[in-house]
Amino acid sequence: MNFQQGVRMLEAGRADVILGDSAALRYEARELGLAISALPVTVLRAPVHLMLNKNTTTTEELEQINAAITRLEKQGVLAEIRNRYGEF
């Protein structure tokens with residue numbers, strides 16, 4: 001099942017709760033014109049991990065990616081993106 005199907009099941013009364021990436025769920029609901037609300041508790045909060053192929057990603061590329069993430073975090077760019085999608 002994908003997020004769109006899950007949100008449609010909520011709207012149709014075929015489910016009471018859906019667990020998933022909150023930004024993705026809100027996006028799908030907004031695209032479908034449906035209203036959803038978050039549970040009053042956080043069920044799970046975990047960091048995001050990038051999965052890279054160690055056979056095709058060089059050490060230099062990995063260092064550049066990590067440096068870019070660090071730079072964007074320090075500049076507040078990632079915080080702005082998270083806030084735009086309702087993430088904190």
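Residues numbered from 1 in each chain as written. Predicted model: local features only at pLDDT ≥ 70, side-chain atom pairs only at ≥ 80, totals over all residues. Heavy atoms only, no water.

Engineer: Whenever I open this one, the overall build of the protein confuses me. Can you help?
Structural biologist: In terms of regular secondary structure, the protein is built from 4 helices and 0 strands. Relative to the globule expectation of 12 Å for 88 residues, the C-alpha radius of gyration of the protein, 17 Å, shows a markedly less compact shape. Residues counted as buried form 10% of the 88 residues belonging to the protein. Across the protein, contacts joining residues at least 24 apart in sequence account for 36% of those joining residues at least 6 apart. Accessible area of the protein: about 7,500 Å², with a carbon and sulfur share of 54%. If the 10 positive side-chain charges of the protein are averaged to one point and the 11 negative ones to another, these points end up 2 Å apart. (Helix = DSSP H or I, 4+ residues; strand = E, 2+ residues; numbered from the N terminus. Rg over C-alpha atoms; globule rule 2.2 N^0.38 Å. Buried < 20%, exposed > 50% of the residue type's maximum accessible area, 1.4 Å probe, protein only. Contact = heavy atoms within 4.5 Å. Areas by Shrake-Rupley, 256 points an atom, 1.4 Å probe, with all protein chains shown as cover. Lys, Arg positive; Asp, Glu negative; His and termini not counted. Charge placed at Lys NZ, Arg CZ, Asp CG, Glu CD.)

Engineer: Looking at this structure, how should I read helix α2 (residues 22-32)?
Structural biologist: Since the α-helix advances by 3.6 residues per turn, residues separated by three or four positions end up pointing in the same direction. Those residues of α2 that sit buried are A23, A24, L25, E28 and A29. If you follow the buried residues of α2, they end up packed against α1 (3-11). Its side-chain oxygen at 3.3 Å from the backbone nitrogen of A23, D21 defines the N-terminal cap of α2. A positive backbone phi angle near 70 degrees is found at G33, which sits one or two residues after α2. (Polar contact = N/O pair within 3.5 Å; in protein donor to acceptor, adjacent residues only side chain to side chain.)

Engineer: Honestly, the packing of α1 against α2 in this entry has me stumped. Any pointers?
Structural biologist: A pair of packed helices is captured by two measures, namely the crossing angle of their axes and the spacing between those axes. As a packed pair, α1 and α2 sit with axes 9 Å apart at the nearest point and diverge in direction by 65 degrees. As judged from the angle between their axes, α1 and α2 are roughly perpendicular. Once α1 is placed against α2, the crossing between them reads as right-handed. Contacts between α1 and α2 involve F3, Q4, V7 and R8 from the first element and A24, L25, E28, A29 and L32 from the second. (Axes fitted to C-alpha atoms, helices over the stretch in contact; angles between N-to-C directions. Parallel < 35°, antiparallel > 145°, perpendicular 65-115°, else oblique. Left-handed = near helix turned anticlockwise from the far one by under 90°.)

Engineer: What should I look at first to understand the side chain of E28 in this one?
Structural biologist: In this structure, E28 sits in helix α2. R8 is the oppositely charged side chain nearest to the buried, salt-bridge-free E28, at an N-O distance of 7.4 Å. For E28, the contacting residues outside a window of four places in its chain are F3, Q4 and V7. (Salt bridge = Lys/Arg side-chain N within 4 Å of Asp/Glu carboxyl O.)

Engineer: Even after reading the chapter, I still don't get the environment of G20, so can you show me in this structure?
Structural biologist: Looking at the element boundaries, G20 is found in the loop between α1 and α2. The exposure class assigned to G20 is partly exposed, which follows from its relative accessible area of 43%. On a C-alpha basis, the gap between G20 and E60 in space is 33 Å, while along the polypeptide they are 40 residues apart. Sequence-distant contacts of G20, that is, excluding residues within four places in its chain, are made with F3 and L25.

Any functional reading would require information that these geometric values do not contain.
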